[in-house]
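# Topology and contacts: notes
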Amino acid sequence: MAASILQRCLSPVKTFTKCVSYTSIVRRCLLSSAYTDSTVWEQRPGDVQDLGQLASLMDRTYARKLPVSSLLIARFIDNLSSKEEVDQAQYYLYKFRHSPNCWYLRDWTIHSWIRHCLKYGARDKALYSLKNKVQFGMFPDDFTFNLLMDSFIKDEDFKGACSVVEEVMLQESFERISTQILSLYALSRYLATKPELSWQEERSMGASLMLAGLKLENSVGFSARLLGLALIGKVELSRGIHAVFHEMPLIWTSGYLGRALAVMNTVCDFRDVKLSEEVLDHVEKILQDLSVNADGPNVSDTPLEDEDELETQKLPEYISRFNELKERLVSQDRIDSRSLESLVSALTQQTLAVCEGADIAEYQQTVSVWEAERQQLIQRERETREKNQKSKL
């Protein structure tokens, strides 16, 4: 009786402990306050300007068909102080991109724009300018990408975070381990919601998984590569190879499903590397769906070419090879029962904090370089103004 009462009393405590543990895990999966802190950025020497006067000066300059300097647009972005001003700044970024000086939008201006969007609750503006990067000239560095991605993740907007990952993928900016981990975290969390994806989204998701996991020689990296290549292979067999590489940083050689199976074969030869059981189930379903639809009508807007037809004919071979490799993985105990989401969360806990220190140190150096370049531009502007005044006299 007493034991039963004690057990009932301890049950809520156990439940609470689980909740606390899960919450702490989620928090550790995100960038720390030291990483997202804007102190280093805001400690730069101030250059306070009147935003109205800057806007008027740019309008007059454009009206006279003269180029606006990169320093002028940088000052405008640096002096934003409200969401309404952020909305206004988007117009001037567009104008600058379509001016003779369009190639001179400075890296620190892009960083400043993203930080101001996050600061004033205009994250949608930051994402819009990224998605329309050709029109706004938005090509952030990895650190800036991380800040924006982390903001979406912390608000559990994993679809928005995946939109940022797509831009990282299109710019092939997976150089930092922190960017790889954050990207895979966002992708795995979004896939865990089992969203209905269009073929374009499957292609983008596949490319992002494959490229983000390409440099990770562990279970997460191989599982991400396998799923990514399988998703791309699905698009290839249903839409053709041209649909795969169009406007994507992917090779145009057919055989993405074959490359997915090559990942499984590589894992069979690796030690201490396993593939997620959930990922294998997903790949198996992709193969089954392709087999069912193989004799159906072509879903592509254009007829498949000969190389696409040849790839489709290999599908039975791919299915047979997949089953053979899966049996090998089972016999070698190379299958991890955890989902991709769980594997990524565990890797994030182990690795992200270690990566942050190097990223922050590099960011501090980058800000110093940016500031030196900005001061040089200010000095050059001052000298030019003095020279013009002397010539007038």
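Cut-offs and rules
Residues numbered from 1 in each chain as written. Predicted model: local features only at pLDDT ≥ 70, side-chain atom pairs only at ≥ 80, totals over all residues. Heavy atoms only, no water. Salt bridge = Lys/Arg side-chain N within 4 Å of Asp/Glu carboxyl O. Helix = DSSP H or I, 4+ residues; strand = E, 2+ residues; numbered from the N terminus. Buried < 20%, exposed > 50% of the residue type's maximum accessible area, 1.4 Å probe, protein only. Patch = residues over 30% accessible without salt bridge, like charges linked within 9 Å, V, L, I, M, F, W, Y side chains within 5 Å. Areas by Shrake-Rupley, 256 points an atom, 1.4 Å probe, with all protein chains shown as cover. Lys, Arg positive; Asp, Glu negative; His and termini not counted. Charge placed at Lys NZ, Arg CZ, Asp CG, Glu CD. Phe/Tyr/Trp six-rings, centres within 6.5 Å; stacked < 30°, edge-to-face > 60°. Lys NZ or Arg CZ within 6 Å of the ring centre and 35° of its normal. Axes fitted to C-alpha atoms, helices over the stretch in contact; angles between N-to-C directions. Parallel < 35°, antiparallel > 145°, perpendicular 65-115°, else oblique. Left-handed = near helix turned anticlockwise from the far one by under 90°. Contact = heavy atoms within 4.5 Å. Nonpolar A, V, L, I, M, F, W, Y, C, P; charged D, E, K, R; others polar. Expected span 1.5 Å × (residues − 1). Arc of directions from axis to C-beta. Polar contact = N/O pair within 3.5 Å; in protein donor to acceptor, adjacent residues only side chain to side chain.

## Notes on the pattern of salt bridges
Scanning all chains against the criterion turns up 27 salt bridges. Here Lys119 and Glu42 are joined by a salt bridge, their closest N and O atoms 3.8 Å apart. Of this pair, Lys119 sits in helix H7 (residues 107-119) while Glu42 sits in helix H3 (residues 39-42), and the two are 77 residues apart along the sequence. A salt bridge links Glu284 to Lys326; the shortest N-O distance between them is 3.2 Å. With Glu284 in helix H17 (residues 277-293) and Lys326 in helix H19 (residues 315-331), this residue pair connects regions lying 42 residues apart in the sequence. Classification of Glu284 as partly exposed rests on a relative accessible area of 23%. Overall, the relative accessible area of 21% leaves Lys326 in the partly exposed class.

## Considerations on a negative patch on the surface
Among the surface-exposed residues, Glu305, Asp306, Glu307 and Glu309 lie close enough to one another that they form a single negatively charged patch. Its place among the elements puts Glu309 in helix H18 (residues 306-313).

## Section: the packing of aromatic side chains
Summed over all chains, the structure comprises nine aromatic pairs. Relative to Tyr92, the ring of Phe76 has its centre 5.1 Å away and its plane inclined at 55 degrees; by these criteria the two rings are tilted. Here Phe76 is found in helix H5 (residues 70-78), whereas its partner Tyr92 is found in helix H6 (residues 83-97), with 16 residues between them in sequence. Taking the relative accessible area as the measure of exposure, Tyr92 reaches 4% and is therefore buried. With a centroid separation of 5.9 Å and 70 degrees between ring planes, the pair formed by Tyr128 and Phe136 is classed as edge-to-face. With relative accessibility at 45%, the residue Tyr128 sits in the partly exposed group. Aromatic rings pair up to connect Tyr35, Phe143 and Tyr363 into one cluster. Looking at Lys95, its charged tip hangs above the ring of Tyr62, at a distance of 4.9 Å from the centre. Positioned above the aromatic ring of Trp103, the side-chain terminus of Arg97 is 5.3 Å from the ring centre.

## Here's the deal with the packing of H7 against helix H10 (residues 142-154)
The packing of two helices is summarised by the inter-axis angle and the distance between the axes. Closest axis-to-axis distance for the H7/H10 pair is 10 Å, and the angle between their directions is 15 degrees. By the criterion of interaxial angle, the relationship of H7 to H10 is roughly parallel. Crossing hand, H7 versus H10: left-handed. Between H7, through His111, Ile114, Arg115 and Leu118, and H10, the contact on the second element is made entirely by Phe143, Thr144, Leu147, Leu148 and Ser151. Its residues assigned to classes, the contact of H7 with H10 comprises five nonpolar, three polar and one charged.

## Points about helix H4 (residues 51-63)
For H4, built from 13 residues, the straight-helix expectation of 18 Å at 1.5 Å per residue is met to within 8% by its first-to-last C-alpha distance of 18 Å. Listed in full, the buried residues belonging to H4 are Leu51, Leu54, Ala55, Met58, Thr61 and Tyr62. Viewed end-on, H4 has its buried residues packed into an arc of 130 degrees, placing them on one side of the element. Turned more than 90 degrees away from the buried face of H4, the exposed residues are Gln53 and Ala63. Structurally, H4 contributes buried residues whose contacts are with H5 and H6. For H4, the N-terminal capping position is held by Asp50, with its side-chain oxygen 3.1 Å away from the main-chain nitrogen of Gly52. Directly after H4, the chain includes Lys65, whose backbone phi takes a positive value near 60 degrees.

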